[in-house]
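# Report on the structure
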Amino acid sequence: MLMKLSQRGKLTGRLRERINNAKDLSTLNDIWMPFREKRCTRADEARKRGLEPISQAIFRKQWSSVNTTQLKTSSKGIRDLLAEMFSECGDVRRVLRDLVNRHGAFHATLKKTAKKKKDSNLPRKSNKTGVYDMYKDWICSLRSVKGHHLMALERGAREKCLNVTVKIDAPCVRHAKTAKQGMENLNRMIVRMMRDAAGNNRGKNMKPAHGVIDRALHVAAEDAWKRLIRPSLVREARKKLRERAHEEAIECFASNVESLLMQPPRRGFRVLGVDHGFRMGCKLAVCDEQGVLLDSGVLYLHRRDQAVKLLLEMTKKHGVNMIALGNGKASREMEKLIGSLKGKLRVPYVVVSEAGASVYSTSKLAKEEFASSNISDVLIIGAVSIARRLQDPLSELVKVRVEFENITLPCFNHITQTKTNAQTQVPPVSLGVGMYQHDLSSSKLETRLDEAVTRIVSEVGVNVNTASKQLLCRVSGLNRRVASAIYDRARVKPFQYRQSLLEVKGLGKKMYV
């Protein structure tokens, strides 16, 4: 800012002092307002006609030098210039910003098209407006609005289901007998505040001849508020609230992800993972103690005898110690089936969150991981992921990374991905543990989740025999090549001692220490 003002020859000692003493961004914006580059406005047109000197004389209260005849003939252009001066006055903006922050309130209503859609014969699932029924004729002040309410309003406005506006609910509006009278009272109060802040209010000693000047200032202040100042301050207030709401949502998402990653693992168990379904059947996958797939199969709940036979065969053949059931569709029916086999099937089961498992199973990352197993069924891969989530949640869920549009951001490892490899990533929003996580800033979400995973890996540590490549990459000191070598060695011959890590190619004594 100082450099640009200096290049234009506008930087004075007083202006430099004001900029250096500014305490927040809003004050800096107010100082910069008169000097910013703008498109051609109504005030610029009036300035080309030579009306700026008389407008400045009126605004600075030098009324004795004002030609009232010129004011009457060119009143529109002069009022446009006065409105711009009001909008660029820092004192005026500061007073009105405080008014908006203290008495501003969100007013939300359903759009008329949305109301018609709601009354149609469409199914409830296709009726988007049902989600926003609670925001019909909804009012909340800017000071007390919650983050999740604000993000819901923003999403409803984007989906064109809600009309969201910010109105000034000052006492002069609430105590008025009619809405029209309340708006008139508000306009008079705002104009008086603006002219007091700008120092050009009427005063007691104003001559009757100056009535036309007073009228021009009044109209210009009212126009500046409605056309220039109010939209700007409302955007500014909503931006601050939106940033605060996004920060809360990111912290909520990171906290929930930390809780997921910190779930206690079930090490040393052979697990049967079940990915439920009715039409396509329930996919079964047996994983050994290191998470390696041993066997897979499909059972159909409507064929009870075959389902029971397959379930008993797989658990007995591979010595399954625990069953991991996803919490998706048909999970209750599968629970009933296992519960009915108490005498025959003496294996406990645990219900595991399968959020994100389907997204992972269709990703390029999963295809690369299971390339050697010749598994093409994505549902089998989903069942393996469910089983591993029970064995070692941190190792499995750490595969989730940030993906927005076509740009991939490395969130849970140090591997830099390119646009051509964007499909390798699994978006963390698929976990479904956040608050409006699809609306959040990708860079801020990536940074916060990276901090969370790094802290957890450093605090908990990893089991090299069960950890995934993505988790091993998060260990301090390990790069991608060494992490891949450790992973491959653990699948062939599990590590018995820490010193065995020195047998891995590329892992020397310095890295081991």
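Scroll up for the structure.
### Re the pairing of strand 7 (residues 322-326)
Here is the key point about a regular strand: its side chains alternate between the two faces of the sheet. Within strand 7, five of the five residues are buried, which leaves it mostly tucked inside the rest of the structure. Burial of the side chains of strand 7 extends over both faces: Met 322, Ala 324 and Gly 326 are buried on one face and Ile 323 and Leu 325 on the other. Where strand 4 (residues 271-275) lies against strand 7, four bridges are found, and the strand directions are parallel. Bridged to Gly 273 within strand 7 is Ala 324. Looking at chain direction, strand 7 and strand 8 (residues 349-352) are connected through four bridges and run parallel. Paired with Ile 323 across the two strands is Tyr 349, which belongs to strand 8. What joins strand 7 to strand 8 is helix 15 (residues 331-339), and the crossover it makes is right-handed.

### What about the sheet that holds strand 3 (residues 162-168)?
As summarised here, the arrangement of the three strands in space is 2-1-3, forming an open sheet in which the pairing is antiparallel. The sheet is open, and its two edges are formed by strand 2 (138-141) and strand 3, each paired on a single side. Neighbour-to-neighbour, the strand axes of this sheet turn through a mean angle of 20 degrees, independent of strand direction. Its contacts with the sheet put helix 10 (residues 147-158) on strand 1 (104-110), strand 2 and strand 3, and the angle it makes with strand 3 is roughly 125 degrees. The sheet contacts of helix 13 (residues 211-261) involve strand 1 and strand 3, and relative to strand 3 the element is tilted by about 110 degrees.

### As for the packing of aromatic side chains
Two descriptors summarise a pair of aromatic rings, namely the distance from one centre to the other and the angle between the planes of the rings. According to the stated counting rule, one finds two aromatic pairs in the structure shown. Summarising the aromatic geometry, the rings of Phe 59 and Phe 86 are spaced 5.1 Å apart at their centres and angled 80 degrees between planes, so their arrangement reads as edge-to-face. Taken together, the positions of Phe 59 in helix 5 (residues 52-59) and Phe 86 in helix 7 (residues 75-88) put the pair 27 residues apart, joining distant regions of the chain. An identical accessibility class is assigned to Phe 59 and Phe 86; each is buried. Taking 5.3 Å as the distance between ring centres and 75 degrees as the angle between the ring planes, the aromatic pair formed by Tyr 135 and Trp 138 counts as edge-to-face. Side by side, Tyr 135 and Trp 138 carry an identical accessibility label, which is buried.

### Describing unusual backbone geometry
Phi at Asp 137 is positive, roughly 55 degrees, even though this residue is not glycine. Structurally, the position occupied by Asp 137 is in the loop between helix 9 (112-118) and strand 2. Classification of Asp 137 as exposed rests on a relative accessible area of 56%. Despite not being glycine, Lys 160 has its phi angle at roughly 60 degrees, a positive value. Looking at the element boundaries, Lys 160 is found in the loop between helix 10 and strand 3. Here Lys 160 falls in the exposed class, since its relative accessible area comes to 60%.

Rules of the game
The numbers attached to residues start from 1 for each chain and follow its sequence in the written order. For this predicted model, a pLDDT threshold of at least 70 governs which residues receive local features, and a threshold of 80 or more governs which side-chain atom pairs are given and counted, while totals over whole chains, interfaces and linings are taken from all residues. Calculation of side-chain values draws on the structure's entire complement of heavy atoms; hydrogens and water are dropped beforehand. Type-normalised accessible area, obtained with a 1.4 Å probe on protein chains alone, sets the label of each residue: buried when under 20%, exposed when over 50%, and partly exposed for intermediate values. Secondary structure elements are taken from DSSP: a helix is a run of H or I of four residues or more, a strand is a run of E of two residues or more, and numbering for both begins at the N terminus. At least two bridges found by DSSP between two strands is the condition for calling them paired. Convention used here: a crossover is right-handed provided that the path from the first strand, over the helix, to the second strand proceeds clockwise when the strands point away from the viewer. A fitted line through C-alpha atoms serves as each axis, taken over the contacting stretch for helices, and the angle formed by two N-to-C directions is quoted from 0 to 180°. In what follows, a contact means two residues having at least one pair of non-hydrogen atoms within 4.5 Å. The criterion for an aromatic pair is that two Phe, Tyr or Trp rings (for Trp, the six-membered ring) have centres within 6.5 Å, with stacked assigned to planes under 30 degrees apart, edge-to-face to planes over 60 apart and tilted to the rest.

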